[in-house]
Amino acid sequence: ELRGFDAIFLGAVGHPDVAPGILEKNLLLEIRFQLDQYINLRPVKLYPGVETPLAGKGPEDVDFVVVRENTEGLYAGAGGFLKRGTKDEVAVQESINTRKGVERCIRYAFDYCQTRNKARKLTLCGKTNVLTYAFDLWERTFYEVAEEYPDIAADYAHVDALCMWLVKNPEWFDVIVTDNMFGDIITDLGAIIQGGMGIAAGANINPAGVSMFEPIGGSAPKYTGQQKIKPIATILAVQLILDTLGEKKAAMVFEAGVAKVLK
């Protein structure tokens, strides 16, 4: 049924009666995988009037985008148990990285960096010194594709170093491309840098199909009725819908409205 729409607007989900992992696997991951939404796009932007925990940093310092591979890696679900529930139990979780999956994500990131047209700098986030097989593929592909984009400065950072630099020098970054697992982690770091989960919106994109847009946080039922939850992330998810569908003027109006209210 969802395949017939132009876009999907997903509200924040979660309830204490639902066990962890049920909604994540059977709703969010199922939609991403079934509709091949292979890009997770996460703008990280600090608006005037919003507090950041980063001392001495302001809106001019925090404005970058994370392009996360969204259908492979550790979240592909490959692996299993041996002798589960015994003292000899073994659990294996495999990171799946295909040339096709890696390359299409990297190409999207280069194209996005060109269109964004700000610092025109793309950073690959990986762990080539330890995860030598997976990120050898990522790094080789990244620099091969980079040759086709001479106008984009391409560089690399280990994920641990990048986490430090996002806190110390977020102004160094324009667009970051990374795998599924690292992307999941650094986008939450990005959310707190930009003011919290109530500000952060994201997109799950299939450039040739149906994409899904959402506030990245859960439903936070513990705050029900307390007037503590910001609607900004939900509103900015609509802005992402408009921008992705080519309604650039309407998207700018949405963002300008949000910026005015926050200021």
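These numbers come from a predicted model, not from an experiment.

**Overview of the state of the cysteines**
One pass over the full model with this rule turns up 0 disulfides. With no disulfide of its own, C125 lies 6.8 Å from the sulfur of C163, the closest cysteine sulfur. Overall, the relative accessible area of 0% leaves C125 in the buried class. You can call C163 partly exposed: its relative accessible area is 23%.

**As for the sheet that holds strand β10 (residues 211-215)**
Judged by pairing direction, the sheet is mixed, and its 8 strands sit side by side in the order β1-β10-β9-β2-β3-β8-β6-β7 without closing on themselves. This sheet does not close on itself; its edge strands, each paired only once, are β1 (7-9) and β7 (153-158). Strand-to-strand twist of the sheet, defined as the mean angle between neighbouring strand axes without regard to direction, takes the value 20 degrees. In terms of strand pairing, strand β6 (residues 121-126) meets strand β8 (residues 175-178) through 4 bridges, oriented parallel. Each bridged residue has a counterpart across the sheet, and for L122 the counterpart in β8 is V175. Here helix α1 (residues 22-34) sits on the sheet in contact with β1, β2 (39-45), β3 (63-69), β9 (201-205) and β10, set at roughly 150 degrees to β10. Of the strands in this sheet, β3, β6, β7 and β8 are in contact with helix α4 (residues 159-168), which crosses β7 at around 105 degrees.

**Observations regarding the packing of α4 against helix α5 (residues 180-193)**
Between α4 and α5, whose axes approach to 11 Å, the crossing angle comes to 10 degrees. When the axis of α4 is compared with that of α5, the two are roughly parallel. Seen from α4, the contacting residues are V159, L162, C163, L166 and V167; seen from α5, they are F182, I186, L189 and I193. Split by residue class, the contact of α4 with α5 holds 9 nonpolar, no polar and no charged.

**A closer look at the environment of L28**
Relative to the helices and strands, L28 is located in helix α1. By relative accessible area, L28 is classed as buried at 15%. With 34 residues separating them in the primary sequence, L28 and V62 have C-alpha atoms 28 Å apart. When near neighbours in sequence (up to four residues on either side) are disregarded, L28 contacts L10, L23, M212 and E214.

**Section: the pattern of salt bridges**
Using the criterion set out here, one finds 17 salt bridges in the structure. Among the ionic pairs, D174 bridges to R116, the shortest N-O distance being 2.6 Å. Taken as a pair, D174 in the loop between α4 and β8 and R116 in helix α2 (residues 99-116) lie far apart in primary sequence, 58 residues in all. Accessibility expressed as a relative area gives 17% for R116, which makes it buried.

**Focus: a nonpolar patch on the surface**
A surface patch of nonpolar side chains, about 230 Å² in accessible area, is lined by L82, V90 and V92. By secondary structure assignment, the location of V90 is in strand β5 (residues 90-96). Residue classification places V90 among the partly exposed residues on the basis of a relative accessible area of 36%.

**Some points on the nonpolar core**
L41, V67, F110, L122, I176 and V177 are the most contacted members of the largest nonpolar core, which has 56 residues in total. When residues in this core are grouped by element, the largest group, 8 residues, is from α2. Ignoring anything within four residues of it in the chain, the contact list for L122 reads A109, F110, C113, F142, I152, A153, A154, D155, V175, I176 and V177. Core analysis: the second largest hydrophobic core is formed by 7 residues, L10, L28, I31 and L35 among them.

**Examining the pairing of β8**
Here β8 shows a buried face lined by V175 and V177 and a second buried face lined by I176 and T178. Pairing analysis gives 4 bridges linking β3 to β8, with the strands arranged parallel. If you follow R68 over to β8, its bridge partner there is T178.

Procedures and definitions
- Residues numbered from 1 in each chain as written.
- Predicted model: local features only at pLDDT ≥ 70, side-chain atom pairs only at ≥ 80, totals over all residues.
- Heavy atoms only, no water.
- Disulfide = S-S within 2.5 Å.
- Buried < 20%, exposed > 50% of the residue type's maximum accessible area, 1.4 Å probe, protein only.
- Pairing = 2+ DSSP bridges.
- Helix = DSSP H or I, 4+ residues; strand = E, 2+ residues; numbered from the N terminus.
- Axes fitted to C-alpha atoms, helices over the stretch in contact; angles between N-to-C directions.
- Contact = heavy atoms within 4.5 Å.
- Parallel < 35°, antiparallel > 145°, perpendicular 65-115°, else oblique.
- Nonpolar A, V, L, I, M, F, W, Y, C, P; charged D, E, K, R; others polar.
- Salt bridge = Lys/Arg side-chain N within 4 Å of Asp/Glu carboxyl O.
- Patch = residues over 30% accessible without salt bridge, like charges linked within 9 Å, V, L, I, M, F, W, Y side chains within 5 Å.
- Areas by Shrake-Rupley, 256 points an atom, 1.4 Å probe, with all protein chains shown as cover.
- Core = buried A, V, L, I, M, F, W, Y, C linked by side-chain atoms within 4.5 Å.

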